[in-house]
Amino acid sequence: GRWSLSPNSTRSAARSAPKPRFQTKTTAAERRKGEGPFVRDFVGSLCSVTKDTFAGPAGDPLVLRPWQTQLIDGIFARHASGPRKDRFRHRQALVGMPRKNGKTALGAAIGLYGLFCGPVGAEVYSCAGEREQARICFGMAKQMVEAEPQLLSQAKLYRDVIEVPSQNAIYRVLSAEAYSKEGLSPTL
């Protein structure tokens, strides 16, 4: 099976994974107008598991868990009406869950969506208190690009930057240790 990595691991381990206790509510109309389905399609078709985990063996397609699907639909929901019509419903998202539940892989995949499918001149950042910590998510995103010829053909890979020259877009590691963050205009 897809989830079996050893004789002791079972597919039921993935089903019993915790889900977020709190989530900002969005309406069905806001989710319908949003980019959630496009993000999920990008993740499912172009992002892969980067190391053997409960998500599957390295190289397998990244299959979203139900809570990840719901989270993506909520994050990328758009206002359905009113003065902010067509703008994203949320400008920030916070995901708090125990370790080993797929947060980093999800963050890397969402970052790649913002890089390859975002606006021209997109600026995507993996941020953390320390540069090495921020590099974990970025490194996973970089491995996903290296594993997918369709993404790799469009990107230039550097130590701390993934660049898509045709879109003038970058995905970069950023930490709180840097003293000056002036001039940044993040899109994701």
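Being a predicted model, the structure only gives us computed values, none of them experimental.

Caption draft 1: Structural view of the overall build of the chain. The number of helices and strands found in the chain is seven helices and four strands. Across the 188 residues in the chain, those meeting the buried criterion constitute 39%. Considering only intrachain contacts with a sequence separation of at least 6, the fraction spanning at least 24 residues in the chain is 67%.

Caption draft 2: Inspection of the packing of aromatic side chains at higher detail. For the coordinates displayed, the defined rule picks out four aromatic pairs. Seen from their ring centres, Phe138 and Tyr171 are 5.4 Å apart, and the 85° between their planes marks the pair as edge-to-face. Of the two residues, Phe138 sits in helix 6 (residues 131-147) while Tyr171 sits in strand 4 (residues 169-175), which places them 33 residues apart along the sequence. The side chain of Arg78 reaches across the aromatic face of Phe88, ending 4.0 Å from its centre.

Caption draft 3: Focus on the pattern of salt bridges. All told, the structure shown has five salt bridges when counted by the stated rule. Arg89 is paired through a salt bridge with Glu30; the nearest N and O atoms lie 3.0 Å apart. With Arg89 in the loop between helix 4 (66-75) and helix 5 (103-117) and Glu30 in helix 2 (residues 28-33), this pair connects stretches of sequence that are 59 residues apart. Overlapping salt bridges bring together Glu132, Arg135 and Asp160 as one network.

Caption draft 4: Spotlight on helix 6. The end-to-end C-alpha distance of helix 6 is 24 Å, a good match for the 24 Å that 17 residues give at a rise of 1.5 Å each. At Cys137, helix 6 shows its maximal kink, close to 30°.

Caption draft 5: Representation of the nonpolar core in the model. By size, the foremost hydrophobic cluster in this structure holds 41 residues, and its most contacted members are Leu112, Leu115, Phe116, Met144 and Tyr171. Secondary structure elements with two or more residues in this core: helix 3 (36-46), helix 4, helix 5, strand 1 (123-128), helix 6, strand 3 (161-164) and strand 4. If you tally residues by element for this core, the top one is helix 5, at nine residues. Not counting the four nearest positions on each side in its chain, Leu112 is found in contact with Phe42, Cys47, Cys117, Ala141, Met144, Val145, Ile162 and Tyr171.

Caption draft 6: Region of interest: the packing of helix 3 against helix 5. The N-to-C vectors of helix 3 and helix 5 enclose an angle of 105°; their axes lie 10 Å apart at closest approach. In this view, helix 3 runs roughly perpendicular relative to helix 5, as classed from their interaxial angle. In this structure, helix 3 contributes Phe38, Val39, Phe42 and Val43 to the contact, and helix 5 contributes Ala109, Ile110, Leu112, Tyr113, Phe116 and Cys117. Residue classes in the contact of helix 3 with helix 5 are distributed as ten nonpolar, no polar and no charged.

Caption draft 7: Structural view of the confidence of the model for the chain. Summary statistics for the chain give a mean pLDDT of 83 and a share of 86% for residues scoring 70 or more. The lowest-confidence element of the chain is helix 1 (residues 12-15), averaging 44 in pLDDT; the highest-confidence one is strand 2 (residues 156-157), averaging 97. Contacts of residues 1-15 to residues separated by more than four positions or lying in other chains number 21 contacts, the stretch itself having pLDDT below 50.

Caption draft 8: Quick peek at the state of the cysteines. Summed over the entire model, instances satisfying the criterion amount to zero disulfides. Cysteine Cys47 shares no disulfide, and the gap to the nearest cysteine sulfur, in Cys117, comes to 9.4 Å. For Cys127, which is in no disulfide, the shortest distance to another cysteine sulfur is to Cys137 and amounts to 9.7 Å. Here Cys127 falls in the exposed class, since its relative accessible area comes to 55%.

Caption draft 9: Looking closely at the side chain of Arg135. Its place among the elements puts Arg135 in helix 6. In terms of polar contacts, Arg135 uses its side chain to reach the side chain of Glu132, at 2.5 Å. Setting aside residues no more than four positions away along its own chain, Arg135 makes contact with Arg159, Asp160 and Val173.

Definitions and cut-offs
- Here the residue numbers are simple positions, counted from 1 along each chain's written sequence.
- Note on the predicted model: pLDDT of at least 70 is required for a residue's local features to be given, and 80 or more for side-chain atom pairs to be given and counted; whole-chain, interface and lining totals, by contrast, use all residues.
- Excluded from the side-chain calculation are hydrogens and water; included are all heavy atoms of the structure.
- To qualify as a helix, a DSSP run of H or I must reach at least 4 residues; to qualify as a strand, a run of E must reach at least 2; elements of each kind are numbered from the N terminus.
- Accessibility here uses a 1.4 Å probe with only protein chains present; expressed as a share of the type maximum, an area under 20% marks a residue as buried, one over 50% as exposed, and anything in between as partly exposed.
- By definition, residues are in contact when any of their heavy atoms lie within 4.5 Å.
- Only Phe, Tyr and Trp rings take part, Trp by its six-membered ring, and two of them pair if their centres are within 6.5 Å. Stacked means planes under 30 degrees apart, edge-to-face means over 60, and tilted covers everything else.
- Only when the NZ atom of a Lys or the CZ atom of an Arg is both within 6 Å of the ring centre and within 35 degrees of the ring normal do we say a charge sits over the ring.
- Every case where a carboxyl oxygen of Asp or Glu lies within 4 Å of a side-chain nitrogen of Lys or Arg is listed as a salt bridge.
- Expected span of a helix: the number of residues minus one, times 1.5 Å.
- To get the bend at a given residue, fit one axis to the seven residues ending there, fit another to the seven starting there, and take the angle between those axes.
- Each nonpolar core is a collection of buried residues, namely Ala, Val, Leu, Ile, Met, Phe, Trp, Tyr and Cys, held together in the definition by side-chain atoms within 4.5 Å.
- An axis is simply a line fitted to the C-alpha atoms; with a helix, the fit covers only the stretch in contact. Between two such axes, the angle follows the N-to-C directions and lies from 0 to 180 degrees.
- Should an angle lie under 35 degrees it is considered roughly parallel, over 145 roughly antiparallel, and from 65 to 115 roughly perpendicular; all remaining angles are considered oblique.
- Each residue is assigned to one class: nonpolar for Ala, Val, Leu, Ile, Met, Phe, Trp, Tyr, Cys and Pro, charged for Asp, Glu, Lys and Arg, and polar for all the others, Gly among them.
- By definition, pLDDT measures how confident the predictor is in each residue, and it falls between 0 and 100.
- Two cysteine sulfur atoms make up a disulfide if the distance between them is within 2.5 Å.
- By the criterion applied in these results, polar contacts are pairs of N or O atoms within 3.5 Å in which, for protein atoms, one can donate a hydrogen and the other can accept it, and in which residues neighboring in sequence qualify only through two side-chain atoms.

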